[in-house]
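Descriptive analysis of the structure
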Amino acid sequence: MNAFDVLNSWPGIQDLSAEDIFAHPAWAMPCLWGDERCMLRRAEAKPRDVIGIALSLDDDNVFLGLGKRESFPDLHDLWARKADLPPALILALVEKECGELLQLIENTFRRQVRVTGLDDPGKRAGGVAFEVVAPTDGSVRASFVMDVRPSAIRMFGQLRFMDVDHASLRSMTRPVRALYALFDLSAEESAGLAPGDMIMLPELESGAGAWLDSPVGDGRFRVVSREERPISFAEFAAGETPPVPPPSGLELWRGGSVVARGRFGELCSRPAFVIEEVV
């Protein structure tokens, strides 16, 4: 099971809407900056100072607020004087230096992009902030604010665009219990369970058990630890979950329901579950 499989089965992930995924800190959409493979991410904050550009995406007019970056050298050098520059010169520089960004937007939004003029920088307040990040060194190729329509959010808000290496995912935890035995009992055997009974645990003779991270509604019986402990997404994704502890306080589950509680013991020097309470 790889990291994405772990994410796909993580409790609550499948309940996320496209809007939830698009707004998640781990959202990262692969993109191309020229020939360089990069990631398009949501920025934590919008650039305070932008050049407002009016774009058309096919027949949809949208706002693009371009942030100051060294990827646009002439615009970068003239940035402090941009208010005094003729609009035609700014637009010429945008056309000259922002080809990678405009092509990225066209590819990402799957719409034909055309610059139609300058726009009011104040419109940045209503847009979504993005950064184009180079995965090799984490440097930012471009930062911008842009209008994003609901149709684009539905396209962007897919689980496959979640970065499984992002700290917000790697730090997620889920409660687990140690699983020491899995077996079947007949209806008569399960009905006859009583305090003092002992259930043999031959599985423990060859190993310490496994981790159970969710109830299983298959009707089978499981001997599990009473105590839960958290295990992180990073541990699951790396296949490096901690060792299962030796058995102590135990519960007998059928599916996801507790049938009995007890403790670890031995019968004829062999491991067993000693029932203390039938639920």
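Read on for an overview of the structure. (Residues numbered from 1 in each chain as written. Predicted model: local features only at pLDDT ≥ 70, side-chain atom pairs only at ≥ 80, totals over all residues. Heavy atoms only, no water.)

All right, on to the sheet that holds strand S1 (residues 28–33) then. What the seven strands build is an open sheet, ordered S1-S2-S6-S7-S4-S3-S5; its pairing is antiparallel. Edge positions in the sheet fall to S1 and strand S5 (113–118), since each has one partner strand and no second. Neighbouring strand axes in the sheet, compared pairwise and without regard to direction, differ in orientation by 35 degrees on average. Of the strand pairs in this sheet, strand S3 (residues 50–57) and S5 are connected by five bridges, and their pairing is antiparallel. Among the inter-strand pairings, Leu55 is bridged to a residue of S5, identified as Val115. Together, S3 and S5 form the strand contacts of helix H4 (residues 87–97), whose direction differs from that of S5 by roughly 160 degrees. (Pairing = 2+ DSSP bridges. Helix = DSSP H or I, 4+ residues; strand = E, 2+ residues; numbered from the N terminus. Axes fitted to C-alpha atoms, helices over the stretch in contact; angles between N-to-C directions. Contact = heavy atoms within 4.5 Å.)

Moving on, we get to the packing of aromatic side chains. Each pair of aromatic rings is reported with the distance of its centres and the angle of its planes. Counting across every chain of the model gives eleven aromatic pairs. For the ring pair Trp10 and Phe233, a centre distance of 5.6 Å and an interplane angle of 75 degrees mean the geometry is edge-to-face. You can see Trp10 sitting in the loop between helix H1 (3–8) and helix H2 (18–23) and its partner Phe233 sitting in helix H9 (residues 233–238), a full 223 residues away along the chain. On the basis of relative accessible area, Trp10 is assigned to the buried category, the value being 6%. Here Phe130 and Phe144 contribute two aromatic rings whose centre-to-centre distance is 5.3 Å and whose plane-to-plane angle is 25 degrees, an arrangement assigned as stacked. Within this pair, whereas Phe130 is found in strand S6 (residues 128–133), its partner Phe144 is found in strand S7 (residues 140–146), the two being separated by 14 residues in sequence. Taken individually, Phe130 and Phe144 each receive the classification buried, so the pair is uniform in this respect. Put simply, the rings of Phe22, Trp27, Phe109, Phe130, Phe144 and Phe156 pair up and form one aromatic cluster. (Phe/Tyr/Trp six-rings, centres within 6.5 Å; stacked < 30°, edge-to-face > 60°. Buried < 20%, exposed > 50% of the residue type's maximum accessible area, 1.4 Å probe, protein only.)

Interpretation in functional terms is not warranted from these geometric data alone.
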